[in-house]
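# Inside the fold
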Amino acid sequence: MTEHYQLRCRECSRAWGNAPLASCEDCFSPLEVVYELDVVRRSFTPERIAQRPANIWRYAELLPVAPEDRSALPVGFTPLVESSRLGARLGSHSLYVKNDAVCFPTLSFKDRVVAVALAQARAFGFEVVACSSTGNLANAVAAQAVIHGLNAWIFVPADLEAAKVLGTTVYGARLVPIAGNYDHVNRLCAQIADRHRWGFVNVNLRPYYAEGSKTVGFEIAEQLGWRLPDNVVVPMAGGSLITKIHKAFAELAALGVVEPRPVKFFGAQASGCSPISTAVKQNQERIQPQKPVTIARSLAIGNPADGYYALRMIRSSGGWAEDASDPEIVAGIRTLAETEGIFTETAGGVTVATAQELFRQGRLRPDETTVLCITGNGLKTTDALAGEFAASPAIEPRLAAFEAYLGEVTVPVQGD
Ligand SMILES: *Cc1c(COP(=O)(O)O)cnc(C)c1O
Ligand SMILES: [Zn+2]
């Protein structure tokens with residue numbers, strides 16, 4: 001084997017090389033990618049990384065992809081925004097927003113996971129790639145399949161937001177709406193993956209997909225000057241992103257690229273689909289699956305694949321989890337827009353609302369450095385804001401009409 005990375009069972013530690021395989025054939029536990037850190041260490045230094053292009057491949061040594069399989073797309077390296085106005089609102093003196101609402105090419109952090117998964121799909125010789133999706137993954141697979149010359153089959157719950165449907169089919173992908181929720185869709189995809197030789201990015205390619213999430217953590221550390229924050233707040237669907245940001249920080253610390261320090265991980269869910277946060281709050285050992293009822297469709301996974309690992313990691317980090325109701329999610333979207341000029345989707349509303357609650361509870365403290373992971377773009381979920389902003393009737397294109405209009409405006413008008 002020439003690669004310096006391979007799959008290993010999370011429970012029995014058996015190594016499986018590199019293959020489209022999600023679970024251990026001995027003990028059925030999930031697989032994850034491990035690296036020979038001595039090989040990584042030779043070239044993975046802050047000085048060298050600083051000279052590389054501003055995209056996820058600047059961390060290539062810690063991604064399971066051969067150079068010839070990468071696409072040239074500049075995925076990732078999104079802004080880490082110092083957010084003092086939002087901080088003032090929530091009660092923090094050191095708050096940052098990791099803004100994946102502007103991730104290239106499809107405006108969510110899922111572009112990162114797909115960049116890694118499709119590169120491996122190509123390496124494994126798949127001609128068809130597929131996924132079960134709550135929306136953002138669908139957009140990312142459809143767009144990047146075009147670049148790799150792969151055929152894309154996308155399976156989604158039939159009630160998905162219109163923008164996420166259109167943002168899939170526009171790329172020429174085959175979209176299969178399923179009359180059911182995400183958990184039904186995902187179960188069907190596992191069966192299809194057994195029957196057809198397709199690369200399912202979140203089924204048989206899942207360990208590779210998950211590694212793409214680490215780049216959020218690498219970027220946060222680099223953008224803080226190769227330093228780890230005290231706290232991160234991360235929205236959870238399947239629970240993969242939050243565990244992989246943790247893995248990223250652990251790998252950087254093991255390499256000596258950052259000073260090791262305890263980072264507390266805080267998970268955010270919607271109250272209408274909160275299997276992981278409920279388990280954290282009620283001190284349960286197991287995740288109880290739920291039937292999702294929430295406007296945060298991108299997080300609506302009732303039976304989270306990595307829920308158990310997310311739960312364990314949150315607990316051992318000294319963090320916590322909370323959830324937000326639909327009205328709180330909408331308020332969270334508005335708060336971020338009004339304070340930082342960032343328009344996020346419902347998942348971002350979940351993150352902001354949850355962070356607000358965690359500051360209120362004193363679990364997040366004002367003087368610690370806290371990073372909020374904003375993972376998707378508000379233009380994809382405008383339905384959630386329908387009715388929030390009343391449209392005013394049109395006026396005639398005459399100055400007199402405007403002056404009359406001005407007389408009726410009740411909010412204070414500045415500059416006159
Ligand atoms: C998929 C998704 C998440 C969470 O992803 P998991 O890794 O499954 O927990 C968070 N935010 C958005 C916008 C997503 O699309
Ligand atoms: Zn095993």
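Structure first, text after, so check above.
Description of the structure in this document. (Residues numbered from 1 in each chain as written. Chains lettered and ligands numbered in written order. Predicted model: local features only at pLDDT ≥ 70, side-chain atom pairs only at ≥ 80, totals over all residues. Heavy atoms only, no water.)

### Some thoughts on the overall build of the chain
Just so we agree on the cut-off: Each helix is a run of H or I in the DSSP string that is no shorter than four residues. Each strand is a run of E no shorter than two, and both are numbered from the N terminus. Both definitions apply: the radius of gyration is a C-alpha atom measure, and the globule rule equals 2.2 Å times residues to the power 0.38. Residue exposure ignores everything except the shown protein chains as possible cover, and the areas themselves are Shrake-Rupley values with a 1.4 Å probe. Charge assignment: positive for Lys and Arg, negative for Asp and Glu; neither His nor the chain ends contribute. Each charge is placed at NZ for Lys, CZ for Arg, CG for Asp and CD for Glu.
Looking only at helices and strands, the chain has 14 helices and 13 strands in total. For 416 residues, the compact-globule estimate of 2.2 N^0.38 gives 22 Å, and the C-alpha radius of gyration of the chain, at 22 Å, lies within 12% of that figure. Taken over the C-alpha atoms alone, the chain extends approximately 75 × 45 × 45 Å along its principal axes. Working note: accessible area of the chain is about 17700 Å², and carbon and sulfur atoms make up 51% of it. For the chain, the distance from the average site of its 39 positive side-chain charges to the average site of its 43 negative ones is 4 Å.

### Details of unusual backbone geometry
Which entries qualify depends on this criterion: Each residue is assigned to one of three classes by its accessible area relative to the maximum for its type, calculated with a 1.4 Å probe on protein chains only: buried under 20%, partly exposed between the two thresholds, exposed over 50%.
A cis amide bond links phenylalanine 104 with the next residue in sequence, proline 105, at an omega value of 0°. Inspection of the secondary structure puts proline 105 in the loop between strand E5 (95-99) and helix H4 (110-123). Non-glycine residue leucine 107 carries a positive phi angle of around 65°. Position of leucine 107 relative to the elements: it lies in the loop between E5 and H4. In this structure leucine 107 comes out as partly exposed when scored by relative accessible area, which is 31%. For tryptophan 226, which is not a glycine, the phi torsion comes out positive at approximately 55°. Structurally, the position occupied by tryptophan 226 is in the loop between helix H8 (206-223) and strand E10 (231-235).

### Things to note about the coordination of the zinc ion (ligand 2)
This is how it is decided: Coordination shells were defined by N, O and S atoms within 2.8 Å of each metal, extended to 3.2 Å for Na, K and Ca; water is absent from the atom set, which can make sites look incomplete. When four donors show all angles between 85 and 135 degrees the site is tetrahedral, when four or six donors have opposite pairs over 155 degrees and all other angles between 65 and 115 it is square planar or octahedral respectively, and in every other case it is irregular.
Listed as protein donors to the zinc ion (ligand 2) are Cys9 (SG), Cys12 (SG), Cys24 (SG) and Cys27 (SG); their distances from the metal cover 2.2 to 2.4 Å. For the zinc ion (ligand 2), the four donor atoms in the first shell make angles of 96 to 124° at the metal, so the coordination geometry reads as tetrahedral. For the zinc ion (ligand 2), the donor residues sit on a single chain with the sequence spacing C-x2-C-x11-C-x2-C. A residue pair is termed long-range when its members are at least 10 positions apart, and cysteine 9 in strand E1 (residues 5-9) and cysteine 24 in the loop between strand E2 (15-17) and strand E3 (31-35) qualify at 15 residues. For cysteine 9, a relative accessible area of 2% gives the class buried.

### Some details on a nonpolar patch on the surface
Going by this rule: Only residues whose relative accessible area exceeds 30% and that form no salt bridge enter a patch; like-charged residues are grouped when within 9 Å of one another, and nonpolar side chains (Val, Leu, Ile, Met, Phe, Trp, Tyr) when within 5 Å. Counted as salt bridges are all cases of a side-chain nitrogen of Lys or Arg within 4 Å of a carboxyl oxygen of Asp or Glu.
A surface patch of nonpolar side chains, amounting to about 370 Å² of accessible area, comprises Val146, Ile147, Val170 and Tyr171. Here valine 146 lies in helix H5 (residues 136-148). Judged by relative accessible area, valine 146 falls into the partly exposed class, the value being 48%.

### As for the site of ligand 1
Threshold: The near set for a molecule or strand comprises every residue that places at least one heavy atom within 4 Å of it. Polar contact criterion, stated in full: a pair of N or O atoms within 3.5 Å, where within protein one must be able to donate a hydrogen and the other to accept it, and residues adjacent in sequence count only if both atoms are side-chain atoms.
Taken together, 15 residues lie around ligand 1, and Lys110, Gly238, Gly239, Leu241 and Thr375 are the ones closest in. Between glycine 238 and ligand 1, the recorded distance is 2.8 Å, taken from a backbone N or O atom to an oxygen atom. Residue threonine 375 places a side-chain N or O atom 2.6 Å away from a nitrogen atom belonging to ligand 1. Coverage of ligand 1 by the protein amounts to 97% of the 390 Å² it exposes when considered alone.

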